[in-house]
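A closer look at the structure
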Amino acid sequence: MKYYLAIDIGASSGRHIVGWEDGGEIKTEEVYRFKNGVSKTDGHLVWNIDGLYNSVLNGIKAAFEKYKNIVSLAIDTWGVDYVLLNGDKEITPCYSYRDNRTEMVMGGVHSIIHFEELYSKTGIQFQPFNTIYQLYDDKISGRLDNATDFLMLPEYLTYKLTGVRSHEYTNATTTGLVNAVTGEYDKDIIKRLGLPERLFTPLTKTGTVVGELTPLIQAYCGGNCKVMLCASHDTASAVEGIPIEGDNPYISSGTWSLLGLKVPKAIADENSRRANYSNEGGVGYTRYQKNIMGMWVVNNLKAELCPDMPFDEIINAARESDFKQSADVNDSKFLSPESMKAAFDSCFEDKPRSIGDYFKCAFLSLAQSYKKALRELSANTGKTFDKLYIVGGGAKNTYLNELTEQICNIKVVALPIEATAIGNLKIQMDNTAV
């Protein structure tokens, strides 16, 4: 039996999942799980990359302890964030996309290249945390002066395991610096913004084997295997893991809701720009999708209002609530508030009163945001849809799924599976066959 290891890291936790083929199906077992999250340092939100790397190592070790014949491993994470290197030394801190450092530089970027032009080149939706703005802030602050490399987080971790530096295609597209037609970093954007061209090496195809574990890591983890680049942006791997029938959209529901559709090539027209739709790399296709609010609002309400309350009780309380108002949860006030309760309160004169009211409002608001995005998706592609596939943590929320069906008038196919890990494993299996 051949085994493969998917290392799937999200903003709040990471998982090491071993997979194998059995009767034409991918079977999985989670062998390790760890917590992840941002911390505040000198007033900024940053990632603990040393802790993240150590957790990756410990999970690989746990996998080899149980499964000796691991053929390969691959890492996926969220997009946008990266690590700067000066030779082999990290330039710290590693900022989180939720940090507000880009607020003062976005205008500077757009004064050089208007967003309309950026969008026509890259097809990437506007988000204040896009890598392009983060790197421009690094330029202004001098952090790029001695940088020899920048590696997106999964490629940084892959480099730490193998010593090989790479830029995987799907994740690179989340930077806002990849040309939607050529599929490579856009040299014109990079030159006009004054970013060091040395940082932007050619992109590497999804499914490429970059090497093996270094001898030191082999000794620590108790084994060796190939190290591959899966679709290292987690949503790209998730889409690979969804058994979509027909030409229907998906939602990868986690901290964010990534709602989109597979299309043959980028759609970077004016309607798409106005609707803030993105064109991100897929495995042989483009993911025409929108990054909208997800379970972030729900999780933060729970942490603030009822941290010890079981989630099924929260669902029941929301079901029993007669609160009928919704908020625009894609408003910037919900991105990183000191109080999520206060963010919701600010939207209404007649505020939610009970725990059930707040969660009913959150679920209604998410379903309404899905409805708006689906209408835009249909208008911009000229397609109509009869099913909506939902994977990720949000797929387990039966009440939100019911509200989504009712409000969006579409059949919800909820798949409470580890779609990202399955997509990660599928790419490994398809590209390491002997």
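Please read all numbers here as calculations on a predicted model, not as lab measurements. (Residues numbered from 1 in each chain as written. Predicted model: local features only at pLDDT ≥ 70, side-chain atom pairs only at ≥ 80, totals over all residues. Heavy atoms only, no water.)

**Considerations on the environment of Lys290**
When you line up the elements, Lys290 lands in strand β16 (residues 286-293). For Lys290, a relative accessible area of 12% puts it in the buried group. Distance in space between the C-alpha atoms of Lys290 and Ala62 is 36 Å, their sequence separation being 228 residues. Look past the residues within four positions of Lys290 in its chain and what remains in contact with it is Gln125, Ser257, Leu258, Leu259, Ala275, Asn276, Tyr277, Ala373 and Glu376. (Helix = DSSP H or I, 4+ residues; strand = E, 2+ residues; numbered from the N terminus. Buried < 20%, exposed > 50% of the residue type's maximum accessible area, 1.4 Å probe, protein only. Contact = heavy atoms within 4.5 Å.)

**Focus on the state of the cysteines**
As used in these notes, a disulfide is a covalent bond between sulfur atoms, one from each of two cysteines. All told, the structure shown has 0 disulfides when counted by the stated rule. No disulfide involves Cys230; its sulfur sits 13 Å from the nearest other cysteine sulfur, which is in Cys225. The buried category is assigned to Cys230, whose relative accessible area is 0%. Summary of cysteine pairing: Cys361 is not part of a disulfide, and the nearest cysteine sulfur, belonging to Cys347, is at 7.3 Å. Classification of Cys361 by relative accessible area gives buried; the value is 0%. (Disulfide = S-S within 2.5 Å.)

**Details of the pattern of salt bridges**
One pass over the full model with this rule turns up 27 salt bridges. Across the pair Arg165 and Asp88 runs a salt bridge whose closest N-O atoms are separated by 2.7 Å. Of this pair, Arg165 sits in the loop between α5 (153-162) and α6 (169-172) while Asp88 sits in the loop between β7 (82-86) and β8 (89-91); the two residues are 77 residues apart in sequence, bridging distant segments of the chain. Of the residues examined, Arg165 reaches a relative accessible area of 30% and is grouped as partly exposed. Of the charged contacts in the structure, one is a salt bridge between Lys426 and Asp430, with a shortest N-O distance of 3.6 Å. Of the two residues, Lys426 and Asp430 are both situated in helix α16 (residues 419-431); the distance of 4 residues between them amounts to about one turn of the helix. By relative accessible area, which is 53% here, Asp430 ends up exposed. (Salt bridge = Lys/Arg side-chain N within 4 Å of Asp/Glu carboxyl O.)

**Here's the deal with helix α15 (residues 398-408)**
Turn by turn, an α-helix covers 3.6 residues, leaving residues three or four places apart pointing in a common direction. For α15, the set of buried residues is Tyr399, Leu400, Asn401, Leu403, Thr404, Ile407 and Cys408. Buried residues in α15 make contact with α12 (311-320), α14 (355-381), β17 (387-391) and β18 (411-415). Trailing α15 by a residue or two, Asn409 shows a phi angle of about 55°, which is positive.

**Notes on the sheet that holds β8**
Reading across the sheet, the 3 strands line up as β8-β7-β10 and stay open at both edges, with antiparallel pairing between neighbours. Whereas interior strands pair on both sides, the edge strands pair on one side only; in this sheet they are β8 and β10 (149-152). Within this sheet the neighbouring strands show an average axis-to-axis angle of 40°, counted without direction. Where β7 meets β10, 4 bridges bridge the pair, whose relative direction is antiparallel. (Pairing = 2+ DSSP bridges. Axes fitted to C-alpha atoms, helices over the stretch in contact; angles between N-to-C directions.)

**Quick look at the environment of Val412**
You can see Val412 is positioned in strand β18. Considering only alpha carbons, one finds Val412 and Ala395, 17 residues apart in sequence, at a separation of 9.5 Å. Excluding residues within four positions of it along the chain, Val412 makes contact with Leu388, Ile390, Asn401, Thr404 and Glu405.

**Considerations on unusual backbone geometry**
In this structure, Pro93 follows Thr92 across a cis peptide bond, with omega equal to 5°. A positive phi angle, near 50°, is found at Asp42, a position not held by glycine. Along the polypeptide, Asp42 turns up in the loop between β4 (38-41) and β5 (44-47). Unlike most non-glycine residues, Val80 shows phi in positive territory, near 80°. Position of Val80 among the secondary structure elements: in the loop between β6 (70-76) and β7.

**Here's the deal with the packing of α12 against α14**
Contact pair α12 / α14: the axes reach a minimum separation of 7 Å and the direction vectors enclose 85°. Overall, the two elements α12 and α14 adopt an arrangement that is roughly perpendicular. Between α12, through Phe311, Ile314, Ile315, Ala317 and Ala318, and α14, the contact on the second element is made entirely by Gly356, Phe359, Lys360 and Phe363. Across the contact of α12 with α14, the residue classes break down as 7 nonpolar, 1 polar and 1 charged. (Parallel < 35°, antiparallel > 145°, perpendicular 65-115°, else oblique. Nonpolar A, V, L, I, M, F, W, Y, C, P; charged D, E, K, R; others polar.)

**Looking at the sheet that holds β16**
The strand order β15-β16-β14-β13-β17-β18 describes an open sheet built from 6 strands, whose pairing is mixed. The strands lining the two open edges of the sheet, one partner per strand, are β15 (278-281) and β18. In this sheet, adjacent strand axes meet at a mean angle of 30° when their direction is disregarded. Relative to β16, strand β14 (residues 256-263) runs antiparallel, the two sharing 8 bridges. Opposite Leu259, over in β16, you have Lys290 as the bridge partner. α14 contacts β13 (250-253), β14, β16 and β17 of the sheet and is inclined by roughly 150° relative to β16.

**Concerning the environment of Arg375**
If you trace the backbone, Arg375 turns up in helix α14. What makes Arg375 exposed here is its relative accessible area of 56%.

Function-wise, these values are silent; they only describe arrangement.
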